[in-house]
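Structure assessment
Here's the letter readout for the chains.
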Amino acid sequence: MKGTLGAFGLIKELWVNESGLPVWDDYPGPTWDPNSGYRGTKEEAAAYVVQSAAYAIWSGARVIFHFMLHDDCGNGPEAHDAFGLYRNPNPAPCYPSDAGARPAAAAYRLVSTHLRDAKPLWRWRSTNGQADWGACTGQVEWFAFQRPDGARVLLAWTRMETPATITVTAAAPRGVVYDVRTGAATPVTPVAGVYTFSLPGATNYNTPTWCNPDRRKQGEAAVGGLPLFLVEGP
């Protein structure tokens, strides 16, 4: 989009509209259809919130709109679209429920708390600890951002179905790892200036990708695995 605008001498702020992943494994999603196209699990939807925000902020997005707060009626009363960070309240025009929070709500809080006005520092893609920018081969995606208060926010996740172990050079004497599904904080301390983390493999193959157009349950996934969310300092 930037290239097309630039070709005509146009410069516009980048706004991301209606970003979100509907879930199939929670009411009113189609719980009977785990292969439901363009959907994911509640956990995958939380991962998507973090990953899509990382890509957007890195690309210079000024505003990111998440779709949506509650399920509302989705694409209609028979569509079974569970788009919401929260289930619908009761009563509601469609799919009345308990207004309960899904894991994506915790992920949204983390993103809005730690990535608001954050400055991109660096991005990397690796396989077995070595740089690998291949669209169809790079195993782990990395992003580093700096909060306005100077803290470093490091995000990393797998792009494939294979789990990965990563090592991270510490940027501060201690840090906090946040669970993107719950927001729970775990203090961490590096050993000899280095952290070691295990990343689970990606699981979402509900959507075709450039390298996996047939939705085979291997290789590049539509949504990466559960992200590491590490905050160090200030």
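Residues numbered from 1 in each chain as written. Predicted model: local features only at pLDDT ≥ 70, side-chain atom pairs only at ≥ 80, totals over all residues. Heavy atoms only, no water.

1. Some words on helix α3 (residues 103-114)
Within an α-helix, residues lying three or four positions from one another point in the same direction, as the helix has 3.6 residues per turn. The terminal C-alpha atoms of α3 lie 17 Å apart, and with 12 residues this matches the ideal 16 Å at 1.5 Å per residue to within 8%. Buried residues belonging to α3 abut α2 (42-58), β6 (152-158), β8 (175-178) and β11 (228-232). (Helix = DSSP H or I, 4+ residues; strand = E, 2+ residues; numbered from the N terminus. Expected span 1.5 Å × (residues − 1). Contact = heavy atoms within 4.5 Å.)

2. With respect to the environment of G233
Here G233 lies in the segment after β11. The contact partners of G233, leaving out residues within four places of it in the chain, are R147, A151, A172 and R174.

3. Some details on the pattern of salt bridges
By the definition in use, this model includes 14 salt bridges. For the salt bridge of E141 with R125, the shortest nitrogen-to-oxygen distance reads 2.8 Å. Placement of E141 in strand β5 (residues 140-146) and of R125 in strand β3 (residues 119-127) is noted, with a sequence separation of 16 residues between them. Of the charged contacts, one joins D179 and R181 as a salt bridge, the two residues approaching to 2.9 Å between their closest N and O atoms. Taking the relative accessible area as the measure of exposure, R181 reaches 32% and is therefore partly exposed. One salt-bridge network, in which partners are shared between bridges, spans D26, D71, R87, D98 and R102. (Salt bridge = Lys/Arg side-chain N within 4 Å of Asp/Glu carboxyl O. Buried < 20%, exposed > 50% of the residue type's maximum accessible area, 1.4 Å probe, protein only.)

4. A few points about the nonpolar core
One finds V50, L115, F145, V153, L155 and F229 to be the most contacted residues of the largest nonpolar core, which totals 31 residues. With eight residues, the single largest contributor to this core is α2. If we skip the residues at most four places from it in the chain, L115 touches I57, L110, F145, V153 and L155. (Core = buried A, V, L, I, M, F, W, Y, C linked by side-chain atoms within 4.5 Å.)

5. Describing unusual backbone geometry
The peptide bond linking F67 to M68 adopts the cis configuration, its omega dihedral lying at 5°. As for its position among the elements, M68 is in the loop between β2 (61-66) and α3. The linkage connecting G233 with the following residue, P234, adopts the cis geometry, with an omega of 5°. Along the chain, the position of P234 falls in the segment after β11. A positive phi angle, near 55°, is found at D72, a position not held by glycine. By the secondary structure assignment, D72 is in the loop between β2 and α3. Residue D72 is classed as partly exposed on the basis of its relative accessible area, which comes to 39%. Phi at D117 takes a positive value of approximately 60°, unusual for a residue other than glycine. One can find D117 in the loop between α3 and β3. D117 sits in the exposed class, given a relative accessible area of 62%.

6. What to know about the state of the cysteines
Within this structure, the stated rule accounts for two disulfides. When the cysteines of the chain that form disulfides are numbered from the N-terminus onward, they connect as 1-2, 3-4. (Disulfide = S-S within 2.5 Å.)

7. A closer look at the pairing of β8
Along any regular strand the residues' side chains alternate between the sheet's two faces. Summarising the sheet, β8 and strand β9 (residues 185-188) pair through four bridges and their orientation is antiparallel. In the sheet register, G175 faces β9, and the bridge partner there is V188. Hairpin connection of β8 to β9: six residues between the antiparallel strands, including G183 at a positive phi of 85°. Relative to β11, β8 runs antiparallel, the two sharing three bridges. Counted as the bridge partner of V176 is V231 from β11. (Pairing = 2+ DSSP bridges.)

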